[in-house]
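For reference, the chains in residue letters:
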There are 2 protein chains.
Amino acid sequence: MDRTARHSETRYGNRPTMKDVAARAGVGLKTVSRVVNSEPGVTPDTERRVQEAIDALGFRRNDSARVLRKGRTASIGLVLEDLADPFYGPLSRAVEEVARAHGALLINGSSAEDPEREQELVLALCARRVDGLIVIPAGDDHRYLEPEIKAGIATVFVDRPAGHVDVDMVLSDSFGGAREGVAHLIAHGHRRIGFIGDQPRIHTATERLRGYHAAMRDAGITVEDDWVSLGSTEPERVRAAAEEMLSGPEPITALFAGNNRVTVTAVRVIAERERPVALVGFDDIELADLLGITVISQDAAAVGRTAAEHLFRRLDGAEHAPARVELPTTLIPRGSGELPPA
Amino acid sequence: MDRTARHSETRYGNRPTMKDVAARAGVGLKTVSRVVNSEPGVTPDTERRVQEAIDALGFRRNDSARVLRKGRTASIGLVLEDLADPFYGPLSRAVEEVARAHGALLINGSSAEDPEREQELVLALCARRVDGLIVIPAGDDHRYLEPEIKAGIATVFVDRPAGHVDVDMVLSDSFGGAREGVAHLIAHGHRRIGFIGDQPRIHTATERLRGYHAAMRDAGITVEDDWVSLGSTEPERVRAAAEEMLSGPEPITALFAGNNRVTVTAVRVIAERERPVALVGFDDIELADLLGITVISQDAAAVGRTAAEHLFRRLDGAEHAPARVELPTTLIPRGSGELPPA
DNA sequence: CATCCTCGTGACAACGTTGTCCAGGGCCTA
DNA sequence: TAGGCCCTGGACAACGTTGTCACGAGGATG
């Protein structure tokens, strides 16, 4: 057993290569390549012989080698926060559909909101030479991406802006959406309105808080310190924050929830109370219609689709300056946001 | 400009290679490789020089070439039905976590319940030489996988069994879960119980129906034809089926919903009615607790984790016969399943 | 002082594919 | 009939990396 054979045993379990197919079909290597890639210049008879050899051996082209040779992987990377979050499911799916339309596969990973893990993932994807990257950033400094972008990996940031690096971005109008939602509560008579949001280092969290403040200012309402709480979206934290706002001598009469996870916990807390509390949440939630929850809805699928389309436009050679797209949000009144102050 | 240079321009945007790093550091190619891979046998001084060159050039190892050489891609493929379905989010995430623990990336795709698309995706993943595959099958004939499996691509089927091919499987106890859920309704006094499920070619759908029939038989109840409806889970279809069962002279008093999408629509239909209708759904749903929906819960994350762990055990060399694991389900009573017959 | 070992290093082939280029045969045209 | 062209097919290099092996310097040992 020579060295080559020993190797082969551990390599892809001895898969046949084009060379094997060529030998069996009695043709040259390149001819097999032509058949596999449906290139012209092969007589029907030769093609048939090659095809038979392919079927007999169970040959399948090794795309690793192909990628190495061609320099394109026909795959894009998607780094998001948590694949299990219902907001990201439709987003991934939309990205996948666009990728599929362009013949590309999707490699994705969750950063778990950890900047270090984000970087690790992104760089692993770059090492694989994905053609493009869609990133929902966890961190706020992305200078580590500079050499990669310069080297030609098209990149689009989604949902949150990139830090210190000039790339395409697709965002939702967090500021405007939150402002509209809070104004909606104010229009229904509320003045003591609470805000519970995600960690302040997350851009959407601060944007939504900014929207909250803007709406309050517009209405001439002075926001009291204990009406606002940013932090983890763990149920315990959110629950504690909500309960504190709802207790005391002068409790809030309405609550604005900064994202889907906060909304879910807020709904639970409010359901346990006797006094009704108005609620508007950012992000739509399944079954929110049945529970009568008023939300600011952002179209996750549209965000994903837009980002992916931008990416492929770049890959197809578009060379304009990086653009920043902001998608609008929609207020969906369902009852919880229209309750009057208790 | 010679041919090589012309090429380089289109290849990964002229990324530096180990050769470039070697030239700049004044060392041999292999030494760079050693530094990049933290192999022993490099003096600190040499290592420093190489590292400087790497940083200066922004070099990042090309994993495509590495893969070609090593024969392992450190990536696994996950083919599921729809990334946007809330059931698959946690499943994917669990798979991803296990993959990450093994240093592998996850490539995933949605079959959209289309057998042809499933095959296309699976074979594309095989062409990329993923180390392993986790498949939630759409079709029922997977003989096309035989050469791939023989060639050494470890494969685990999830949620639904594989057709005509002998591989590891991780399933939920659809039969037992449905049987328990229906028995629960019977225990609460129901006899006229409807069943709405997914398309009959989907294994879990028929298994759950089998569980329904078993429970009914156990209770000595004869199932009437129009109590059972299998088909698409599109809201319109489910709504029509439910409304038919709830109308007529002798309507059903309870409904068993065959999966999460059916449950969601069923809840809506029932909410519109005056007469209360008991409901038990297969799969848990977010906020089901607030809506008081009794469900048969299967732990999607556990399913994903188990499947991924099986896969990596295979990849690490386990060579036992293909196993079939069945995970138990849990009945979670929340009110809707405990309503007495109206 | 000769010999053997160890250690750091580099040359080279190989992984499986595709792009380029060339050769030979058949056909058409002048 | 000769010359040229087109069509098919194959030889070969290259993609960027890693495994193998060999080589030379320096230290240890006799």
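Definitions and cut-offs
- Residues numbered from 1 in each chain as written.
- Chains lettered and ligands numbered in written order.
- Predicted model: local features only at pLDDT ≥ 70, side-chain atom pairs only at ≥ 80, totals over all residues.
- Heavy atoms only, no water.
- Pairing = 2+ DSSP bridges.
- Helix = DSSP H or I, 4+ residues; strand = E, 2+ residues; numbered from the N terminus.
- Axes fitted to C-alpha atoms, helices over the stretch in contact; angles between N-to-C directions.
- Contact = heavy atoms within 4.5 Å.
- Buried area = accessible area lost by both parts, 1.4 Å probe.
- Salt bridge = Lys/Arg side-chain N within 4 Å of Asp/Glu carboxyl O.
- Polar contact = N/O pair within 3.5 Å; in protein donor to acceptor, adjacent residues only side chain to side chain.
- UniProt positions renumbered as here; feature names shortened; annotations may be inferred.
- Domains from an automatic or database assignment.
- 1 Å grid on protein atoms, 1.4 Å probe; cavity = no way out; pocket = protein on both sides within 12 Å on 5 of 7 lines; lining within 4 Å.
- Points joined across faces, edges and corners; volume = space filled by probe spheres on them.
- Nonpolar A, V, L, I, M, F, W, Y, C, P; charged D, E, K, R; others polar.
- Buried < 20%, exposed > 50% of the residue type's maximum accessible area, 1.4 Å probe, protein only.
- Least-squares fit on C-alpha atoms with pLDDT ≥ 70 in both.
- Patch = residues over 30% accessible without salt bridge, like charges linked within 9 Å, V, L, I, M, F, W, Y side chains within 5 Å.
- Areas by Shrake-Rupley, 256 points an atom, 1.4 Å probe, with all protein chains shown as cover.
- Lys, Arg positive; Asp, Glu negative; His and termini not counted.
- Charge placed at Lys NZ, Arg CZ, Asp CG, Glu CD.

**Student:** Looking at this structure, I do not really get the sheet that holds strand β8 (residues 254-257) of chain B. What am I missing?
**Tutor:** All names here are of chain B. Sheet architecture is open: six strands sit in the order β7-β6-β8-β9-β10-β12, paired in mixed fashion. In the strand order of this sheet, the two ends are held by β7 (228-230) and β12 (330-332), each with one partner. Neighbour-to-neighbour, the strand axes of the sheet open up by a mean angle of 15 degrees, direction not taken into account. Judged from the four bridges that link them, strand β6 (residues 193-197) and β8 form a sheet pairing that is parallel. Across the sheet, F195 pairs through a bridge with F256, a residue of β8.

**Student:** Just to check I follow, could you spell out the interface of chain A and chain B for this structure?
**Tutor:** By a widespread convention, an interface's size corresponds to the accessible area lost as its parts come together. At the interface, 63 residues of chain A touch 63 residues of chain B. Roughly 5800 Å² of surface becomes buried between chain A and chain B when both sides are summed, with 52% attributable to carbon and sulfur atoms. Taken together, the links from chain A to chain B amount to 14 salt bridges. A salt bridge links E148 of chain A to R15 of chain B, with the shortest nitrogen-to-oxygen separation between them at 2.7 Å. Our count for the contact surface shared by chain A and chain B stands at 27 residue pairs in polar contact (both at pLDDT 80 or more).

**Student:** In this structure, what is going on with the UniProt feature "domain: HTH lacI-type" (unreviewed entry) in chain A? I would like to understand it.
**Tutor:** Mapped onto this structure's residue numbering, the UniProt feature "domain: HTH lacI-type" (unreviewed entry) falls at residues 16-70 of chain A. Secondary structure over residues 16-70 of chain A splits into 69% helix and 0% strand, and the C-alpha atoms at its two ends are 21 Å apart.

**Student:** I keep staring at the domain arrangement of chain A and nothing clicks. Help me out?
**Tutor:** One can read the domain layout of chain A as domain 1 (3-61), domain 2 (72-172 + 300-327) and domain 3 (174-298). Centre-to-centre separation of domain 1 of chain A and domain 3 of chain A, based on C-alpha positions: 62 Å.

**Student:** Hey, could you run me through empty space enclosed by the protein in this one?
**Tutor:** Rolled over the atoms, a probe with the dimensions of a water molecule shows which regions are left empty. Enumeration according to the criterion identifies three cavities of 30 Å³ or more in this entry. Elements supplying a minimum of two residues to the lining of the largest cavity: α5 (63-70) of chain A together with α5 (63-70) of chain B. Broken down by class, the residue content of the lining of the largest cavity amounts to four nonpolar, six polar and four charged.

**Student:** Would you mind showing me how to read helix α3 (residues 29-36) of chain A here?
**Tutor:** Counting along an α-helix, one turn takes 3.6 residues, and residues three or four places apart therefore face a common direction. Those residues of α3 of chain A not exposed but buried are T31, V32, S33 and V35 of chain A. Structurally, α3 of chain A contributes buried residues whose contacts are with α2 (18-25) and α4 (44-57) of chain A.

**Student:** Explain the relation of the copies chain A and chain B here, please?
**Tutor:** For the pair of chain copies, the relating transformation is a rotation about an axis with a translation along it. Note on the copies: chain A fits chain B at an RMSD of 0.0 Å, the axial shift is 0.0 Å, and the rotation between them is 180 degrees. Given the turn and translation reported, the copies of this chain are related as if by a two-fold rotation axis. Distance from the rotation axis, computed per C-alpha, reaches its smallest value in chain A at I107 of chain A: 2.1 Å. When the interface residues of chain A are mapped onto chain B, 100% of them again fall at the interface, so both copies present the same face.

**Student:** So what exactly am I meant to see when it comes to a positive patch on the surface here?
**Tutor:** Residues and elements named next belong to chain A. A surface patch of positive charge is lined by K30, R66, R69 and K70. In terms of residues, the positive patch owes the most to one element, α5, which gives three residues. Along the chain, the position of R69 falls in helix α5.

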